[in-house]
Amino acid sequence: MTTSPMFSLPVSARIFGALGALSACTSVVFSAAFAHLPVFAAGVPAAVQTALSQHQFHSVGLLITGLAIGVCGVSRWSLAAGGLMLVGLLLFSFNLYARHVLGFDAWRAAVPWGGVAWILAWLSLAVACFKGRVEPSGWA
């Protein structure tokens, strides 16, 4: 009987997978909280609904990025995809939450950049999957 080596995911795959799961958890918590916050007694604004749906969708994107790294390997493109997904969450969703829940409006101009970050994240992920296994030193 021969034993095969255990399958092990790269650290970056585990990090993006864990961040994706935590982000998805946060989106559910925010969704429930926003349904009951007094500031939204008249209803949750469309911008916050959009932020929630994009938050949930790109949480899955982080999970997919982690899985893609496990399948296709670590590359600059896959690391960029995960990083850009996180940047998009901060600049878009969390920025809109801060504006509508806390009244913090100083970074309003950053919201479109969050969308740009997500577009670049998905394009980076496509390139990473197309190129296949390239493992740079460090995050492997």
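To keep things clear, this report deals only with the structure shown in the data block. Predicted model only: the values in this text are computed from it and were never measured.

1. Some points on the overall build of the protein
Scanning the protein for helices and strands turns up 4 helices and 0 strands. Sequence-ordered secondary structure for the protein, helices as α and strands as β, is α-α-α-α. Burial status across the protein gives 36% buried among its 140 residues. In the protein, 81% of the contacts between residues at least 6 apart in sequence involve partners at least 24 apart. For the protein, the computed accessible surface area is about 8100 Å², with 73% contributed by carbon and sulfur atoms.

2. Overview of helix H3 (residues 76-102)
Spanning 27 residues, H3 covers 36 Å between terminal C-alpha atoms, matching the ideal 39 Å at 1.5 Å per step. Its maximal kink placed at Phe94, H3 deviates by approximately 30°. Gly103 occupies a position one or two residues after H3 and carries a positive phi of about 80°.

3. Here we look at the packing of aromatic side chains
If you walk through the whole model with that rule in mind, you get 9 aromatic pairs. Both rings, one in Phe94 and one in Tyr97, keep their centres 5.5 Å apart while their planes meet at 80°; by these two values the pair is edge-to-face. Placement of both Phe94 and Tyr97 in helix H3 is noted, with a separation of 3 residues, approximately one turn of the helix. An aromatic cluster of three or more residues is present, and its members are Phe30, Phe34, Phe40, Phe94 and Tyr97.

4. A word on the pattern of salt bridges
What the rule picks out here adds up to 2 salt bridges. The partner of Arg99 in a salt bridge is Asp105, with the nearest N and O atoms 3.2 Å apart. Exposure remark for Asp105: the relative accessible area of 35% places this residue in the partly exposed category. Across the salt bridge formed by Asp105 and Arg108, the nearest N and O atoms sit 3.2 Å from each other. Within the structure, one salt-bridge network assembled from shared partners comprises Arg99, Asp105 and Arg108.

5. Concerning the state of the cysteines
One pass over the full model with this rule turns up 0 disulfides. Of all cysteine sulfurs in the structure, the one in Cys72 sits closest to Cys129, which takes part in no disulfide; the separation is 4.0 Å. Here Cys129 falls in the partly exposed class, since its relative accessible area comes to 37%.

6. Some details on the environment of Ala126
The residue Ala126 is located in helix H4 (residues 111-131) in this model. The exposure class assigned to Ala126 is partly exposed, which follows from its relative accessible area of 45%. Residues Ala126 and Ala68, 58 residues apart in the sequence, show an inter-C-alpha distance of 9.7 Å.

7. Points about H4
Between the first and last C-alpha of H4 there are 31 Å, a value that for 21 residues agrees with the 30 Å anticipated at 1.5 Å per step. Residues of H4 that are buried: Val111, Gly114, Ala117, Trp118, Ala121, Ser124, Leu125 and Ala128. Along H4, the residues classed as buried sweep out an arc of 130° about the axis, all on the same side. Every exposed residue of H4 that faces more than 90 degrees away from the buried side is listed here: Pro112, Ile119, Leu123, Phe130 and Lys131. Turning to H4, the residues buried within the fold contact helix H2 (46-72) and H3.

Basis of the calculations
By convention here, each chain's residues receive numbers from 1 onward along its written sequence. Reporting in this predicted model follows two pLDDT cut-offs: at least 70 for local features of residues, and 80 or more for side-chain atom pairs to be given and counted; totals over whole chains, interfaces and linings ignore these cut-offs and use all residues. Side-chain figures throughout are based on the complete set of non-hydrogen atoms in the structure, without hydrogens or water. What counts as a helix is a DSSP run of H or I of at least four residues, what counts as a strand is a run of E of at least two, and both are numbered from the N terminus. Buried, partly exposed and exposed residues are distinguished by accessible area as a fraction of the type maximum, computed with a 1.4 Å probe on protein chains only: under 20%, between the cut-offs, and over 50%, respectively. Contacts are assigned to residue pairs that have any heavy atoms within 4.5 Å of one another. Surface accessibility follows the Shrake-Rupley procedure with a 1.4 Å probe radius. Residue values consider only the protein chains on display as shielding. Under the convention used throughout, the expected extent of a helix is 1.5 Å for every residue step, that is, one less than its residue count. One axis is fitted to the seven residues ending at the residue and one to the seven starting there. The bend at that residue is the angle between these axes. Stacked, tilted and edge-to-face pairs are distinguished by plane angle, under 30 degrees for stacked and over 60 for edge-to-face with tilted covering the rest, among Phe, Tyr and Trp rings (Trp via its six-membered ring) whose centres lie within 6.5 Å. Salt bridges are defined as contacts in which a side-chain nitrogen from Lys or Arg sits within 4 Å of a carboxyl oxygen from Asp or Glu. Note that a disulfide, as used here, is simply two cysteine sulfur atoms within 2.5 Å. Here the arc refers to the directions that run from the helix axis out to each C-beta atom.

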